[in-house]
Each structure stands twice: as C-alpha cells, then as structure tokens.
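# Architecture at a glance
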Amino acid sequence: MNEARMIVETSQLTRSYGEIVALKPLDLTVPEGEWLSVMGHSGSGKSTLLNLIGGLDRATAGTLRVCGADLAGLDENGRARFRRETVGIIFQQHHLVPHLTALENVMMAQYFHSVPDGAEARGALERVGLGRRLRNRPGELSGGEQQRVCIARAIINSPRILLADEPTGNLDHASTRMVLELLRELRGAERFTVVLVTHNPEVARWGDRTIHLDDGVLVRDERSGGAP
Ligand SMILES: Nc1ncnc2c1ncn2[C@@H]1O[C@H](COP(=O)(O)OP(=O)(O)OP(=O)(O)O)[C@@H](O)[C@H]1O
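Cut-offs applied
Counting restarts for each chain, with residues numbered from 1 along the sequence as it is written. Only residues with pLDDT of at least 70 are given local features in this predicted model, and only at 80 or more are side-chain atom pairs given and counted; all residues enter the totals for whole chains, interfaces and linings. UniProt positions are given in the numbering used here, feature names are shortened, and annotations may be inferred rather than shown by experiment. Numbered from the N terminus, helices here are DSSP runs of H or I no shorter than four residues, and strands are runs of E no shorter than two. Atoms considered for the radius of gyration are the C-alpha atoms alone. The globule rule reads 2.2 Å times the number of residues to the power 0.38. The burial criterion counts other C-beta atoms lying within 10 Å of a residue's C-beta, which is placed from the backbone; the residue is buried at 20 or more, exposed at 12 or fewer, and partly exposed between these limits. We call two residues in contact whenever the C-beta atoms placed from their backbones are within 7 Å. Each residue receives a C-beta atom built from its backbone; the residue is near a molecule or strand if that atom lies within 6 Å of it. Under the grouping applied here, Gly and all other residues not named as nonpolar or charged are polar, the nonpolar ones being Ala, Val, Leu, Ile, Met, Phe, Trp, Tyr, Cys and Pro and the charged ones Asp, Glu, Lys and Arg. Should DSSP find at least two bridges between two strands, the strands are regarded as paired. Axis lines are fitted through C-alpha atoms, for helices just across the contact stretch, and the angle between N-to-C directions can take any value from 0 to 180 degrees. Here a nonpolar core is just a set of buried residues of the types Ala, Val, Leu, Ile, Met, Phe, Trp, Tyr and Cys, joined wherever their C-beta atoms sit within 7 Å.

Looking at an unreviewed UniProt entry, the protein chain carries the name GTPase, with the source organism given as Geobacter pickeringii. Taken directly from UniProt, the Sequence similarities (unreviewed entry) text for the protein chain runs: "Belongs to the ABC transporter superfamily. Macrolide exporter (TC 3.A.1.122) family."

Encoded structure:
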C-alpha cells in the first residue's frame, strides 16, 4: 500500500513576535490532497501558521517542510521562488486592482509568476465559471464573483498547495457555498492540497480534517463532519 506523501511537515515549529509567541512549538503533518481546515479564536495563530506554510513569513524555531522544500533553509529569493512555483493564496480581502478587468487582474498575477498569457488567463477564469465576465472590472462583479477571480488568479500557476485565509469571510451564505463548491471541484480536478483558515464551523466542515488552535497551541485535531 502506498503511504500518503506529506505536503506539510512541521516539527516544533514556532513563531514569536518579541514577547508574543503567536505559534507555540507545533508538530503537524498534512498529506497530499487533503483539505485541512484551521479554526480558532481571533489571535490564536491561524494566519501565522498559514503565512509560514506559504513562505510569507519565517519561523523563529523548529522545522517546516512544504512540498519537500525546507523553508528555514531558503533565503528571500528562494522563498519567492517557492511561492511562485508551489503556492496559491486567497485572502478575505480580494486585493483586485479596481481599474483592471477580471482578465487583466489574472494576467497581472501571471506577470509576477512568469509571462502573461491571455489564453491561459481566460482558461483559468472559465474554470471558475467567469468565462462571460472577462471584461468586467471588480466593481461590476458580486463579492462571490470577485472571490472567484481571486481563485482563478491563485490557480494560474497550478499550485501544489492552495492556502485560503477566511476566503468566505465577506460573503453571504449563497456565495460562500458557491466558493466552497468551486474549491472542492478544483481540488478534485487539479489535485492540490488545501489549507483553509476560518472562524466558521460550517465552512470548516467542507474540509477532510479540522485542527483547532488556542493561544498558539494545537488543542484539537479531528476528521471533519463533511460538507453540508
Ligand atoms: N507582525 C506581527 N507583529 C506582532 N505581533 C503579531 C504579528 N502578527 C501576528 N501577531 C500576533 O500573533 C498572534 C497571532 O496572530 P494571528 O494573526 O496569527 O491570529 P489569527 O488566529 O489569525 O487571528 P484572526 O482570526 O483575528 O485573524 C496575535 O496575538 C497577534 O497580535
């Protein structure tokens, strides 16, 4: 039987900001293809963990391997390359450029990864169901549609791991469901691993597994109940 490959492996991973220990020594493994939900109160260390996994921040102690890369051993350039090649990120705030169309917003992300390619960007927008809204600016799209542009932008480089920080935090119930269904469908098709931070237990249930952080400590690790 094949052992599942671990996409994230941490050992005693720690992040302090001066006196504040945002993440206390954490041992965590995430197998390839898993959707891991991360819950916890405000300030419990969820974004800190996500930012470390995404190579956006550096640990103060411990080890962290993501897709085989030893993140502690990478310099700034190495981490930028790791982010470009391996990671897709979606935030609560969409960070779309207001005066650019949906297509141009995705192409701008490509510019930072590699070379803008209109056909590829169009393909990503079609994959998230926005093939008919390519020329619309963010202000002309609903909140759920804006988040779908962000998902198109995040999957354009075929990431091995998709990180989502409260991706549905600003959305109503129907748009939340649509975004989560899309993530589930894309994960099935593209086989990336998902780590999704949320305050909302209903959202966490869409994952395979949920970990709970409390004051920087992993206090619970359980199989999720399944999507409603
Ligand atoms: N750059 C920073 N400098 C100083 N302290 C920080 C920094 N980033 C996070 N912290 C602190 O680390 C702790 C964990 O923060 P983190 O953002 O990871 O929590 P969170 O669980 O994501 O919270 P929220 O749900 O409110 O986003 C908090 O006490 C926070 O104030």
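Let us keep going from here.
## Quick word on the overall build of the protein chain
Across its full length, the protein chain holds seven helices and 10 strands. For 228 residues, the compact-globule estimate of 2.2 N^0.38 gives 17 Å, and the C-alpha radius of gyration of the protein chain, at 17 Å, lies within 12% of that figure. Dimensions of the protein chain, computed from C-alpha atoms along their principal axes, come out at roughly 45 × 45 × 40 Å. Counting the 228 residues in the protein chain, one finds 40% classified as buried. Within the protein chain, residue pairs in contact and separated by at least 24 positions form 68% of the contacts whose partners lie at least 6 positions apart.

## A few points about the site of the ligand
Close contacts around the ligand come from Tyr17, Ile20, Ala22, Gly40, Ser42, Gly43, Ser44, Gly45, Lys46, Ser47 and Thr48, and that covers them all. Of all the secondary-structure elements, those providing two or more residues to the shell around the ligand are strand E2 (20–31) and helix H1 (46–53). With three residues, H1 is the single largest residue contributor to the shell around the ligand. In terms of residue class, the shell around the ligand is built from three nonpolar, seven polar and one charged.

## Here we look at the sheet that holds strand E7 (residues 161–165)
Taken in spatial order, the six strands make up an open sheet running E6-E7-E8-E3-E9-E10, and their pairing is mixed. In this open sheet, the two strands that pair with only one neighbour each are strand E6 (87–91) and strand E10 (217–223). Taking the axes of each pair of neighbouring strands and ignoring which way they run, one obtains an average angle of 15° across the sheet. Here E6 pairs with E7 via five bridges, running parallel. Paired with Ile90 across the strands is Ala164, a residue of E7. Where helix H5 (residues 143–155) meets the sheet, its contacts fall on E6 and E7, and the angle it forms with E6 comes to roughly 165°.

## What to know about unusual backbone geometry
A positive phi is found at Gln12, a non-glycine position, where the angle reads about 55°. Positive phi outside glycine occurs at Ser158, with the angle close to 45°. Overall, the presence of 13 C-beta atoms within 10 Å leaves Ser158 in the partly exposed class.

## A look at the environment of Gly68
In this fold, Gly68 is placed in the loop between strand E4 (61–66) and strand E5 (69–70). By C-beta crowding, Gly68 is classed as exposed, having 11 other C-beta atoms within 10 Å.

## Digging into the nonpolar core
By size, the foremost hydrophobic cluster in this structure holds 59 residues, and its most contacted members are Val38, Val106, Leu125, Ala152, Leu163, Val194 and Val195. The leading source of residues in this core is H5, at six residues. In contact with Leu125, other than residues within four places in its own chain, are Ala102, Leu103, Val106, Leu130, Gly131, Leu134 and Ala152.

## Observations regarding the sheet that holds E5
Pairing is antiparallel in the open sheet, where four strands are placed in the order E2-E1-E4-E5. Edge positions in the open sheet fall to E2 and E5, since each of these has one partner strand only. Pairing of strand E1 (residues 6–17) with E2, which is carried by eight bridges, proceeds in the antiparallel orientation. The residue bridging Met6 from the neighbouring strand is Pro31, located in E2. The sheet strands contacting H1 are E1, E2 and E4, and the helix crosses E1 at an angle near 125°.

## Some remarks on the environment of Gly54
In this structure, Gly54 sits in the loop between H1 and E4. For the pair formed by Gly54 and Gly88, sequence separation is 34 residues and the distance between their alpha carbons is 8.3 Å. Setting aside residues no more than four positions away along its own chain, Gly54 makes contact with Arg83, Val87, Ile89 and Leu163.

## Considering the pairing of E1
Along a regular strand, successive side chains alternate from one face of the sheet to the other. Linking E1 back to E2 in an antiparallel pair, the connection comprises two residues, with Gly18 at a positive phi of about 60°. Strand direction decides the pairing type here: E1 and E4, joined by five bridges, are antiparallel. Across the sheet, residue Glu9 finds its bridge partner in E4, namely Arg65.

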